Amino acid sequence: MNKSIFRKEVLAMSAYKVADASGFIKLDAMENPYNWPEDITQSWLETLKTCELNRYPDPEAKQLTQTIREQNNIPPTHDVLLGNGSDELIQILLMALSPTASVLAPQPSFVMYQQISQSLGLNFINVPLLPDTFGLDLPAMLAAIATHQPAIIFLAYPNNPTSNLFSSQAIRQIIAAANGLVVLDEAYAPFANASFMDELAQYENLLIMRTVSKLGLAGLRLGYLVGTPTIIEQLNKIRLPYNINILTQATAYFALTHHALFDEQTQKICAERTNVYEQLCKLDGITAYPSAANFILFKTAKNKATDIFTAIKQQGVLIKNMSPQGGLLADCLRVTIGKPEENQAFLAALKVSLEKLS
Ligand code: PMP
């Protein structure tokens, strides 16, 4: 087989790898650890019975979109584009650009911005975050905007994997300086108490992206992007006709109309986040970073992260080793907040690992 039929960017890439989590306490992927009570599961199953699987789904997912609008206070002036996860929305945005376009994001941030840009042969530029605080380096971001005139800037708010909220003032300056689009990726909004949704109307180049994944519906694959009708009209041309399947539409609609359940779960996760953070701060050799999301990034002693990660895994707890990414993530590990007993198992495994490796 002649590999040269594939673009050189594709040949140079590696596929996004997901660790096999079977048998582990799974604290690696920012999932909500809670499932639904039996009565809610039963009534969800009843609604699924009404799905006509022999028919294509509503191509515009009208009922679901209306609920998303209401629950997120989306201004009536703006349109909503649904994606098969926000990953697909990132892909749609990037596929709509000219092949010579530049894309800008801080580093480290969500890897898909870079991965998809590179797969499409776009010019991806990253600007390092400030060490220790992981704040935006505003002068460097503004300089990169002036030099590269990016068609899209991605800012995750809060950021993955650093879990902090960037300064809202710095974000406003970036939106004002940008000639192209600015996508604020609010994937972790449920845990953050901060959003730019109220400011959408002030900037015509601003888009807000969210997902139901972190809220507790990662298995559904549903994200949404909010922007002016002029922008969404163009993106809609790239979207595949039935990208949100009938089961996702019905289930997301059902789940969002039971949002009190998720509000309660989110509160529990936030309370546990405080607890885990405080426990991590007490450990010698660990620096935990404050979090506005459902995970915590922490730093280990120099060159110890991979050994600690492996030792925790050997005790049955799967977290994420960020250290191989290098740069500001060298020596860093990331743990997703789970149920109280899962978090305790993680902290116990971490303590044993630190003792063993000291
Ligand atoms: N944006 C950020 C910042 C994320 O961390 C993630 C998931 N890790 C996503 C988007 C993708 O979310 P989804 O499950 O909706 O594709």
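Please read these numbers as outputs of a predicted model, since none were measured by experiment. (Residues numbered from 1 in each chain as written. Predicted model: local features only at pLDDT ≥ 70, side-chain atom pairs only at ≥ 80, totals over all residues. Heavy atoms only, no water.)

A. Here's a closer look at the overall build of the protein. When its secondary structure is counted, the protein shows 13 helices and 13 strands. Taken over the C-alpha trace, the protein has a radius of gyration of 21 Å; the compact-globule value for 358 residues is 21 Å, and the two agree within 12%. Relative to its full complement of 358 residues, the protein shows a buried share of 51%. Across the protein, every contact between residues at least 6 apart in sequence was considered, and the portion connecting residues at least 24 apart equals 71%. Roughly 16,800 Å² of accessible area belongs to the protein as shown, and the carbon and sulfur atoms make up 53% of that amount. Separation between the mean location of the 27 positive side-chain charges and that of the 32 negative ones in the protein comes to 7 Å. (Helix = DSSP H or I, 4+ residues; strand = E, 2+ residues; numbered from the N terminus. Rg over C-alpha atoms; globule rule 2.2 N^0.38 Å. Buried < 20%, exposed > 50% of the residue type's maximum accessible area, 1.4 Å probe, protein only. Contact = heavy atoms within 4.5 Å. Areas by Shrake-Rupley, 256 points an atom, 1.4 Å probe, with all protein chains shown as cover. Lys, Arg positive; Asp, Glu negative; His and termini not counted. Charge placed at Lys NZ, Arg CZ, Asp CG, Glu CD.)

B. How the structure looks around the nonpolar core. Of all hydrophobic cores here, the largest spans 55 residues; its most connected members are Leu82, Leu136, Ile153, Leu155 and Ile171. Each of domain 1 (3-30 + 260-357) and domain 2 (56-257) contributes no fewer than three residues to this core. Residues within four places of Leu136 in sequence aside, it is in contact with Pro106, Leu129, Leu130, Met141, Leu155, Phe166, Ala170, Ile171 and Ile174. Judged by nonpolar contacts, the second largest core, of 33 residues, contains Ala288, Phe309, Ile337 and Leu347. (Core = buried A, V, L, I, M, F, W, Y, C linked by side-chain atoms within 4.5 Å. Domains from an automatic or database assignment.)

C. The pattern of salt bridges, seen in detail. In this structure the tally under the stated criterion is 11 salt bridges. A salt bridge links Arg69 to Asp79; the nearest nitrogen and oxygen atoms lie 3.8 Å apart. Taken together, the residues Arg69 in helix α3 (residues 62-71) and Asp79 in strand β2 (residues 79-83) connect sequence positions 10 residues apart. For Asp79, a relative accessible area of 30% corresponds to the partly exposed category. Measuring nitrogen to oxygen at the nearest pair gives 3.4 Å for the salt bridge that ties Asp87 to Arg221. (Salt bridge = Lys/Arg side-chain N within 4 Å of Asp/Glu carboxyl O.)

D. Spotlight on the site of the ligand. Close to the ligand lie 14 residues; Ser86, Asp185, Tyr188, Thr211 and Ser213 are nearest. With respect to the ligand, the backbone of Ser86 contributes an N or O atom lying 2.7 Å from an oxygen atom. Contact distances for the ligand include 2.8 Å between an oxygen atom and a side-chain N or O atom of Asn160. Secondary structure elements with two or more residues in the shell around the ligand: α4 (86-95) and α8 (213-217). When grouped by side-chain class, the residues that make up the shell around the ligand number five nonpolar, five polar and four charged. (Near = heavy atom within 4 Å. Polar contact = N/O pair within 3.5 Å; in protein donor to acceptor, adjacent residues only side chain to side chain. Nonpolar A, V, L, I, M, F, W, Y, C, P; charged D, E, K, R; others polar.)

E. Highlighting the packing of helix α11 (residues 259-281) against helix α13 (residues 340-357). Closest axis-to-axis distance for the α11/α13 pair is 11 Å, and the angle between their directions is 10°. Viewed along their axes, α11 and α13 adopt a mutual orientation that is roughly parallel. Contacts between α11 and α13 pair Glu272, Asn275, Val276, Gln279 and Leu280 from the former with Pro340, Asn343, Gln344, Phe346, Leu347, Leu350 and Lys351 from the latter. Looking at the contact of α11 with α13, its residues break down into six nonpolar, four polar and two charged. (Axes fitted to C-alpha atoms, helices over the stretch in contact; angles between N-to-C directions. Parallel < 35°, antiparallel > 145°, perpendicular 65-115°, else oblique.)

F. Quick look at the domain arrangement of the protein. Segmentation of the protein into domains returns domain 1 (3-30 + 260-357) and domain 2 (56-257). For domain 1 and domain 2, the distance between their C-alpha centres works out to 24 Å. Across the contact, 28 residues belong to domain 1 and 30 residues belong to domain 2. Carbon and sulfur atoms supply 67% of the area that domain 1 and domain 2 bury against each other, a total of about 2,300 Å² over both sides. (Buried area = accessible area lost by both parts, 1.4 Å probe.)

G. Representation of the packing of aromatic side chains in the model. Overall, the coordinates contain 10 aromatic pairs when judged by the stated rule. Here the aromatic rings of Tyr56 and Tyr242 are separated by 4.3 Å at their centres, their planes lie at 15°, and the arrangement is stacked. One end of the pair, Tyr56, is in the loop between α2 (38-48) and α3; the other, Tyr242, is in the loop between α9 (229-236) and α10 (246-256), with 186 residues separating them in the sequence. Judged by relative accessible area, Tyr56 falls into the exposed class, the value being 63%. Overall, Tyr242 belongs to the partly exposed group, its relative accessible area being 37%. Where Phe134 meets Tyr289, the ring centres are 4.8 Å apart and the plane angle is 70°; that geometry is what we call edge-to-face. Here Tyr289 lies in the loop between β9 (287-288) and β10 (295-299) and Phe134 lies in the loop between β4 (123-128) and α6 (138-148), a separation of 155 residues in the sequence. Across the pair, exposure class does not vary: Phe134 and Tyr289 are buried alike. Looking at Lys268, its charged tip hangs above the ring of Tyr34, at a distance of 4.4 Å from the centre. (Phe/Tyr/Trp six-rings, centres within 6.5 Å; stacked < 30°, edge-to-face > 60°. Lys NZ or Arg CZ within 6 Å of the ring centre and 35° of its normal.)

H. Representation of the packing of helix α12 (residues 305-314) against α13 in the model. Closest axis-to-axis distance for the α12/α13 pair is 9 Å, and the angle between their directions is 125°. In terms of orientation, α12 and α13 fall into the oblique class. Here the hand of the crossing between α12 and α13 comes out right-handed. Residues Asp307, Ile308, Ala311, Ile312 and Gln314 of α12 form the contact with α13, whose participating residues are Phe346, Ala349, Leu350, Ser353, Leu354, Lys356 and Leu357. Here the contact of α12 with α13 is composed, by residue class, of eight nonpolar, two polar and two charged. (Left-handed = near helix turned anticlockwise from the far one by under 90°.)

I. Up close: the sheet that holds β4. Overall, mixed pairing links the seven strands, which are arranged β2-β8-β7-β6-β5-β3-β4 in an open sheet. Either end of the sheet is taken by a strand with one partner, and the two such strands are β2 and β4. Adjacent strand axes in the sheet meet at a mean angle of 20°, parallel and antiparallel pairs treated alike. For strand β3 (residues 102-107) and β4, the ladder comprises six bridges, and the chain directions are parallel. The residue bridging Pro106 from the neighbouring strand is Val127, located in β4. Helix α5 (residues 111-119) contacts β3, β4, β5 (152-156) and β6 (181-185) of the sheet and is inclined by roughly 155° relative to β4. Together, β5, β6 and β7 (206-211) form the strand contacts of helix α7 (residues 168-177), whose direction differs from that of β5 by roughly 170°. (Pairing = 2+ DSSP bridges.)

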